[in-house]
Amino acid sequence: MPKRDFLAIPDFTAAELLALLGLAARMKSGAYRERPLAGKTLAMIFAKSSTRTRVSFEVGALQLGGHALFLSSRDIQLGRGEPIRDTARVLSRMVDGIMIRTFAHADVEELARYATVPVINGLTDLLHPCQILADLLTIIEAFGTLKGKTVAWIGDGNNMCNSWLNAAGSLGFELRVACPAEYPPDPAILERNAARTAVLVTRAPAEAALGAHVVTTDVAALMGQEGEAEQRARAFKGYLVDEALMQRANPKAIFLHCLPAHRGEEVTEAVLEGPQSRVWDEAENRLHVQKALMATLMG
């Protein structure tokens, strides 16, 4: 069987995505007891620091009977200029899967091209598909389905926003993106998914949030963009998710945030800690979707 990678949401069909989320739900409930990773090892390459990605993959591999190796790019030859293709070919002869969390999406694509074992995108500056899987599971837990749901993204047209576009296009729910003109989503990703489902791009968070079932956001500056913090703070003034914005959403709306959150910058303390917040369920769900992903690709 040819190996499969998970670099972006559209790498799986809609049916495969829903099956993966169903498997994650079974794992979370304790109904799944198998150990498909027994005797197997996942190599985890980190060029960017991490809490949820590292812990979910490491704990998840262990719970499925396998082992995860933490490889900081500073500690392996990648950090000293070894070509990605060489690292891919060497690791493929020693491990059963590779997860990478890095900056350039092209690096993940090159790793997958040369690796003969499954490669999982743990995050790039373009996409964050693993986080979106956890978010989708959280929505299903809250509403029972994704069908007929509207998601409002408030803030930067970043890797999370691009992945929400991919998810909406793949699964058919409505997505509204409120972002400043100077920080739009990736134009090719936007165009492709706007042709497949209802997508609204607006400058007005109030317009995006109106009647939405899910309101979600992220920090204004990603890792590596700290030098732009002041400029971004000015651009994102008015994009704060507060109680007034949540009141414009559906009465049963939930709030999501991939974390870490900067309270008072992109979301208020009252919303993050409030009754509509599902951020802690969402964070836990990283473990369950990661396990389902590893079982599917490596099991």
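Residues numbered from 1 in each chain as written. Predicted model: local features only at pLDDT ≥ 70, side-chain atom pairs only at ≥ 80, totals over all residues. Heavy atoms only, no water.

Draft legend 1. Spatial organisation of the packing of aromatic side chains. A complete count under the given rule lists five aromatic pairs for this structure. Taking the centre distance of 5.2 Å and the plane angle of 70 degrees together, the rings of F6 and F12 count as edge-to-face. With a centroid separation of 5.2 Å and 25 degrees between ring planes, the pair formed by Y183 and F236 is classed as stacked. You can see Y183 sitting in the loop between β6 (174-178) and α7 (187-194) and its partner F236 sitting in the loop between α9 (229-235) and α10 (243-248), a full 53 residues away along the chain. Grouping residues by exposure puts Y183 and F236 together as buried. The aromatic ring of F12 is capped on one face by R4, whose charged end is 4.7 Å from the ring centroid. (Phe/Tyr/Trp six-rings, centres within 6.5 Å; stacked < 30°, edge-to-face > 60°. Helix = DSSP H or I, 4+ residues; strand = E, 2+ residues; numbered from the N terminus. Buried < 20%, exposed > 50% of the residue type's maximum accessible area, 1.4 Å probe, protein only. Lys NZ or Arg CZ within 6 Å of the ring centre and 35° of its normal.)

Draft legend 2. Spatial organisation of the side chain of T217. Along the chain, T217 turns up in strand β8 (residues 214-217). Residue classification places T217 among the buried residues on the basis of a relative accessible area of 1%. Within the local environment of T217, its side chain forms a polar contact with the backbone oxygen of I154, the two atoms lying 2.6 Å apart. In this structure T217 touches W153, I154, V241, F255, L256, H257, C258 and E266, once residues within four positions along its chain are discounted. (Polar contact = N/O pair within 3.5 Å; in protein donor to acceptor, adjacent residues only side chain to side chain. Contact = heavy atoms within 4.5 Å.)

Draft legend 3. Main features of the packing of helix α3 (residues 84-92) against helix α4 (residues 105-114). Running from amino to carboxyl end, α3 crosses α4 at an angle of 45 degrees, the nearest separation of the two axes being 8 Å. Judged by the angle between their axes, α3 and α4 are oblique. Both α3 and α4 take part in a crossing whose hand is right-handed. Each of I84, R85, A88 and R89 in α3 lies in contact with α4, whose residues at this interface are D107, E110, L111 and Y114. (Axes fitted to C-alpha atoms, helices over the stretch in contact; angles between N-to-C directions. Parallel < 35°, antiparallel > 145°, perpendicular 65-115°, else oblique. Left-handed = near helix turned anticlockwise from the far one by under 90°.)

Draft legend 4. Fine view of the environment of L21. Mapped onto the elements, L21 comes out in helix α1 (residues 14-29). Distance from L21 to V289, taken between C-alpha atoms, is 6.7 Å for residues 268 residues apart in sequence. Residues contacting L21, with those up to four places away along its chain left out, are L133, L136, L137, I140 and V289.

Draft legend 5. Looking closely at the sheet that holds β6. In spatial order, the strands read β7-β6-β5-β8-β9; together these five strands make up an open sheet with parallel pairing. The outermost strands of the open sheet, each flanked by one partner alone, are β7 (199-202) and β9 (254-257). Across this sheet, the average inter-strand angle for adjacent strands is 20 degrees, counted without regard to direction. Of the strand pairs in this sheet, β8 and β9 are connected by four bridges, and their pairing is parallel. For V214, the partnering residue across the bridge sits in β9 and is I254. (Pairing = 2+ DSSP bridges.)

Draft legend 6. The arrangement of the pairing of strand β4 (residues 119-123) in detail. Within β4, five of the five residues are buried, which leaves the element mostly enclosed by the surrounding structure. As judged from the four bridges shared by strand β3 (residues 97-101) and β4, these two strands associate in the parallel manner. Bridge pairing links R101 to L123 in β4. With α4 bridging β3 and its parallel neighbour β4, the resulting β-α-β unit is right-handed. (Right-handed = clockwise from strand over helix to strand, strands pointing away.)

Draft legend 7. Just the packing of helix α2 (residues 52-63) against helix α12 (residues 279-298), in detail. Orientation of α2 relative to α12, taken along the N-to-C sense of each, is 50 degrees, at an axis distance of 8 Å. Taken together, the axes of α2 and α12 are oblique relative to one another. The hand of the α2/α12 crossing is right-handed. Two secondary-structure elements touch here, α2 through R52, T53, S56, F57, V59, G60, A61 and Q63 and α12 through A283, R286, L287, Q290, K291 and M294. Partitioned by chemical class, the residues of the contact of α2 with α12 number six nonpolar, five polar and three charged. (Nonpolar A, V, L, I, M, F, W, Y, C, P; charged D, E, K, R; others polar.)

Draft legend 8. Just the sheet that holds β3, in detail. Strand order across the open sheet formed by four strands is β2-β1-β3-β4, with parallel pairing between neighbours. Looking at which strands have only one partner, the edges of the open sheet turn out to be β2 (67-72) and β4. Taking the axes of each pair of neighbouring strands and ignoring which way they run, one obtains an average angle of 20 degrees across the sheet. Strand direction decides the pairing type here: strand β1 (residues 41-46) and β3, joined by five bridges, are parallel. The partner of A43 across the bridge, within β3, is I98.

Draft legend 9. Spotlight on the environment of R263. By the element assignment, R263 lies in the loop between β9 and α11 (269-272). Between the C-alpha atoms of R263 and A38, which are 225 residues apart in sequence, the distance is 41 Å. Beyond its immediate chain neighbours, meaning those up to four positions away, R263 contacts E269, L272, E273 and W280. For R263, the side chain forms a polar contact with the side chain of E269, separated by 2.8 Å.

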